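Residue strings, one per chain:
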Amino acid sequence: MPSARGGPLPHAIRQLAALYGNEARPATAGRPRLRANMISSVDGASALSGRSGGLGGPADRMVFTVLRSLADVILVGAGTARAEHYGPVAPDGVWAGLRLGKTPTPAIALVSNSLHLDGCSRLLTDAPSTAQTIVLTTASAPARQVAVLRDHARVIVAGQHRVDTGAAVAELARMGHRQILVEGGPSLLRELAGAGLLDEICLTTSPVLAGGDAGRILAATKDSSPALPAGLSLVHVLADGAFLLARYVRSAA
């Protein structure tokens, strides 16, 4: 895969940007568009050996860079950020030609009810001023930790004891983020889908039978199932060897 950086866009990247850059379904008036990018094994596992990256391939990683390049901000749960060893998006991790009118790199927005952010230090200390990390947390989060975090990140309170995803998305919109890329994890996706906020899912199916007890891309809930969209419409499906890369949008109610 070519390195994602400045200069003329490779033909394959221009093709992918044309496929993923169009708004297949207009955003709901008054709120940004939320697009999830996820990967799953053939038997439905969302991770291999605890990490989703173990399921990927070259084409999946190329789409990953394109979707990040098109995003204003990347929304991710703190648990996923820890498991996948997240750091700030590097300049060579996006395509400069796809970020005209945007910051050089998109910011990461972390969702954390408890502010247990062990393993996320790079997100807090290494992010550039143009893409300062955002922490979305609750009013009940420890005040001392919030004060320390404010020295390194933009902290937004959205909810009393659990992060209210609707309020969190509204705050990101007020900051000017209209294209939000969600990279997991399954619990965050469940809450966004249950609240009717998820507009589309880009799903790579990896040619692997993972077995084991890995969860799905959308976490099950211990209580009653959330109200999910009635269905999804397929925009396109690409094949790269045995990998399938599909783009779905939420069907109209």
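Each chain has its residues counted from 1, running along the sequence as written. For this predicted model, a pLDDT threshold of at least 70 governs which residues receive local features, and a threshold of 80 or more governs which side-chain atom pairs are given and counted, while totals over whole chains, interfaces and linings are taken from all residues. The side-chain numbers reported here are obtained from all heavy atoms of the structure, hydrogens and water having been left aside.

Novice: Before we go on, may I ask you to explain the pairing of strand E1 (residues 33–41) in this structure?
Specialist: A regular strand carries its side chains on alternate faces of the sheet. Only protein chains enter the accessibility calculation, which uses a 1.4 Å probe; a residue whose area is less than 20% of its type maximum is buried, one above 50% is exposed, and one in between is partly exposed. Counting from the N terminus, the helices are DSSP H or I runs at least four residues long and the strands are E runs at least two residues long. Counting buried positions along E1 gives nine out of nine residues, so the element sits mostly inside the fold. Residues Arg33, Arg35, Asn37, Ile39 and Ser41 line one face of E1 and the alternating positions Leu34, Ala36, Met38 and Ser40 line the opposite face, and both faces are buried. Where E1 lies against strand E6 (residues 179–182), four bridges are found, and the strand directions are parallel. The residue bridging leucine 34 from the neighbouring strand is isoleucine 180, located in E6. Two strands qualify as a pair provided that DSSP identifies no fewer than 2 bridges between them. Here E1 pairs with strand E7 (residues 200–206) via seven bridges, running parallel. The residue bridging alanine 36 from the neighbouring strand is isoleucine 201, located in E7.

Novice: Can you walk me through the sheet that holds E6 in this structure?
Specialist: Read across the sheet, nine strands follow the order E5-E4-E3-E2-E6-E1-E7-E9-E8 without closing on themselves; strand pairing throughout is mixed. Either end of the sheet is taken by a strand with one partner, and the two such strands are strand E5 (154–157) and strand E8 (232–240). If you compare each strand with its neighbour and ignore which way they point, the axes differ by 20° on average. Taken together, the five bridges between strand E2 (residues 73–77) and strand E3 (residues 107–111) define a ladder with parallel strand orientation. Directly across from glycine 77, in E3, lies its bridge partner valine 111. Note on contacts: a residue pair is in contact if any heavy atoms of the two residues lie within 4.5 Å. Every axis in this analysis is a line fitted to C-alpha atoms, fitted for helices over the stretch in contact. Angles between the N-to-C directions lie between 0 and 180 degrees. Running over the sheet, helix H1 (residues 11–21) touches E1, E7, E8 and strand E9 (243–250) and is turned about 165° from E8. Across the sheet, helix H2 (residues 58–70) is in contact with E1, E2, E3, E6, E7, E8 and E9; its angle to E1 comes to roughly 165°.

Novice: Just to check I follow, could you spell out helix H6 (residues 165–174) for this structure?
Specialist: Every α-helical turn comprises 3.6 residues, leaving residues that sit three or four positions apart pointing alike. Buried within H6 we find Thr165, Ala168, Val169, Leu172 and Ala173. An end-on view of H6 places all buried positions within 140° of arc, on one side of the element. On its buried face, H6 sits against E1, E2, E3, strand E4 (134–137), E6 and helix H7 (186–194). Here a polar contact is recorded for every N or O atom pair within 3.5 Å, except that within protein the pair must consist of a potential hydrogen donor and a potential acceptor, and residues adjacent in sequence are included only if both atoms are side-chain atoms. Near the N-terminus of H6, the side chain that reaches the backbone nitrogen of glycine 166, with its oxygen 2.9 Å away, is that of aspartate 164. Looking at the residues trailing H6, positive phi occurs at glycine 176, about 100°. Taking the helix axis as origin, the arc is that swept by the directions to the C-beta atoms.

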